[in-house]
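# Descriptive analysis of the structure
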Amino acid sequence: QKEVEQNSGPLSVPEGAIASLNCTYSDRGSQSFFWYRQYSGKSPELIMFIYSNGDKEDGRFTAQLNKASQYVSLLIRDSQPSDSATYLCAVNTNAGKSTFGDGTTLTVKP
Amino acid sequence: EAQVTQNPRYLITVTGKKLTVTCSQNMNHEYMSWYRQDPGLGLRQIYYSMNVEVTDKGDVPEGYKVSRKEKRNFPLILESPSPNQTSLYFCASSVGGYSEAFFGQGTRLTVV
């Protein structure tokens, strides 16, 4: 079992729809959770981070964390073609170890 | 401008020829890390450093060395590169091991 698993893609949604990206992790010692966006050929850039159970909203993005279920998700509302990218889930322990999922490629069709 | 700078951006080398990829950050971050990214495999952590003179192995440390002699620099050393180390490498820094990472531009390494 992989330490961090993301829903397999690719994921395609029409413009204006909600895109839902999911991630599960196996290490119960994980303390911080991140979603990065990576455009083809570019570096990852932070979209959201979340440390506590519950929802965290930032503009069109909402991150959800459930530590009991070892699950973290990212919702993108009103998806735009510019949101088309690969989304990486990352999980960190306090000791500094950082584990990424394989990524989910999202395409938003106009 | 706050940034993480890697050099070189592109490198083609031959098997067994020692090389160093440099990484420097100007944000006074404590934590730095190296990753490799291969198609379909996301990012895999090679080594990380919580502070000067403190380094730890990530998930794929074999064939790599690092050092952290000063806070701003974290070079990645391949003593004897092999073709299976052909990959896209990213350096990243953050305030601490628990916080979000700022990535360098990436180094595309080809070992022939």
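Refer to the structure presented above.
All of the points below concern the structure found in this document. It should be emphasised that the depicted structure is a prediction, and the values quoted were computed from it without experimental measurement.

What counts and how
Residues numbered from 1 in each chain as written. Chains lettered and ligands numbered in written order. Predicted model: local features only at pLDDT ≥ 70, side-chain atom pairs only at ≥ 80, totals over all residues. Heavy atoms only, no water. Core = buried A, V, L, I, M, F, W, Y, C linked by side-chain atoms within 4.5 Å. Buried < 20%, exposed > 50% of the residue type's maximum accessible area, 1.4 Å probe, protein only. Helix = DSSP H or I, 4+ residues; strand = E, 2+ residues; numbered from the N terminus. Contact = heavy atoms within 4.5 Å. 1 Å grid on protein atoms, 1.4 Å probe; cavity = no way out; pocket = protein on both sides within 12 Å on 5 of 7 lines; lining within 4 Å. Points joined across faces, edges and corners; volume = space filled by probe spheres on them. Nonpolar A, V, L, I, M, F, W, Y, C, P; charged D, E, K, R; others polar. Pairing = 2+ DSSP bridges. Salt bridge = Lys/Arg side-chain N within 4 Å of Asp/Glu carboxyl O. Disulfide = S-S within 2.5 Å.

A separate point is the nonpolar core. Judged by nonpolar contacts, the single largest core of 24 residues is most densely connected at Trp35, Val72, Leu74, Ile76 and Tyr87 of chain A. For this core, the secondary structure elements donating two or more residues are strand 3 (19–25), strand 4 (30–38), strand 5 (45–50), strand 7 (61–66), strand 8 (71–76), strand 9 (85–93) and strand 11 (104–109) of chain A. Sequence-distant contacts of leucine 74 of chain A, defined by excluding residues within four places in its chain, comprise Ala19, Ser20, Leu21, Trp35, Ile47, Met48, Phe61, Thr62 and Tyr87 of chain A. Counting residues in each nonpolar core, the second largest holds 19 residues, with Val4, Tyr47, Phe74 and Tyr89 of chain B among its members.

All names here are of chain A. Residue position: tyrosine 87 is located in strand 9. Distance from tyrosine 87 to glycine 103, taken between C-alpha atoms, is 5.3 Å for residues 16 residues apart in sequence. Residue contacts for tyrosine 87: discarding those within four places in its chain leaves Gln6, Leu21, Trp35, Tyr36, Arg37, Ile47, Leu74, Ile76, Gly103, Thr104 and Leu106.

Here we take up the layout of surface pockets. Approximately 420 Å³ is the volume attributed to the largest pocket. If you go around the largest pocket, you meet 22 residues; those closest to its centre are Gln38 of chain A together with Gln37, Asp38, Pro39 and Leu88 of chain B. When residues of the lining of the largest pocket are traced back to their parent elements, those giving at least two are strand 9 and strand 11 of chain A together with strand 9 (87–94) and strand 11 (107–111) of chain B. Considering each element in turn, the lining of the largest pocket owes the most residues, three residues, to strand 11 of chain B. Of the residues belonging to the lining of the largest pocket, the class tally is six nonpolar, 13 polar and three charged. Of the pockets and cavities examined, the second largest pocket occupies roughly 200 Å³. Those elements that place two or more of their residues in the lining of the second largest pocket are strand 10 (98–100) of chain A together with strand 5 (43–51) of chain B. Of the residues belonging to the lining of the second largest pocket, the class tally is four nonpolar, four polar and five charged.

So, about the sheet that holds strand 3 (residues 19–25) of chain B. All names here are of chain B. An order of 1-3-8-7 is seen for the four strands of this open sheet, with the pairing classed as antiparallel. For this open sheet the edge positions go to strand 1 (4–7) and strand 7 (65–66), each flanked by a neighbour on one side alone. Here three bridges tie strand 3 to strand 8 (residues 76–78), and the two strands are oriented antiparallel to one another. By the bridge assignment for strand 8, valine 21 is matched with leucine 76.

Further remarks concern the pattern of salt bridges. Overall, the coordinates contain nine salt bridges over all chains when judged by the stated rule. Here aspartate 59 of chain B and lysine 97 of chain A are joined by a salt bridge, their closest N and O atoms 2.9 Å apart. Linking aspartate 59 of chain B in the loop between strand 6 (54–57) and strand 7 with lysine 97 of chain A in the loop between strand 9 and strand 10, this pair reaches from one chain into another. Residue class for lysine 97 of chain A comes out partly exposed when judged on its relative accessible area of 22%. Glutamate 30 of chain B is the salt-bridge partner of lysine 71 of chain B, the closest N and O atoms lying 3.1 Å from each other. Residue lysine 71 of chain B is found in the loop between strand 7 and strand 8, and its partner glutamate 30 of chain B is found in the loop between strand 3 and strand 4 (31–37); the two are separated by 41 residues along the sequence. Lysine 71 of chain B sits in the partly exposed class, given a relative accessible area of 24%. Residue glutamate 30 of chain B is classed as partly exposed on the basis of its relative accessible area of 28%. Overlapping salt bridges bring together Glu3 and Lys97 of chain A together with Asp59 of chain B as one network.

Residues and elements named next belong to chain B. Under the counting rule described, the total for this entry stands at two disulfides over all chains. For cysteine 23, the disulfide goes to cysteine 91, at an S-S distance of 1.8 Å. Negative torsions about the S-S bond denote left-handed disulfides, and the value of about -75° found for cysteine 23 with cysteine 91 makes this one left-handed. Here cysteine 23, found in strand 3, pairs with cysteine 91, found in strand 9; they are 68 residues apart in sequence, far enough to count as distant. On the basis of relative accessibility, which here comes to 2%, the residue cysteine 23 falls in the buried class. Cysteine 91 sits in the buried class, given a relative accessible area of 0%.

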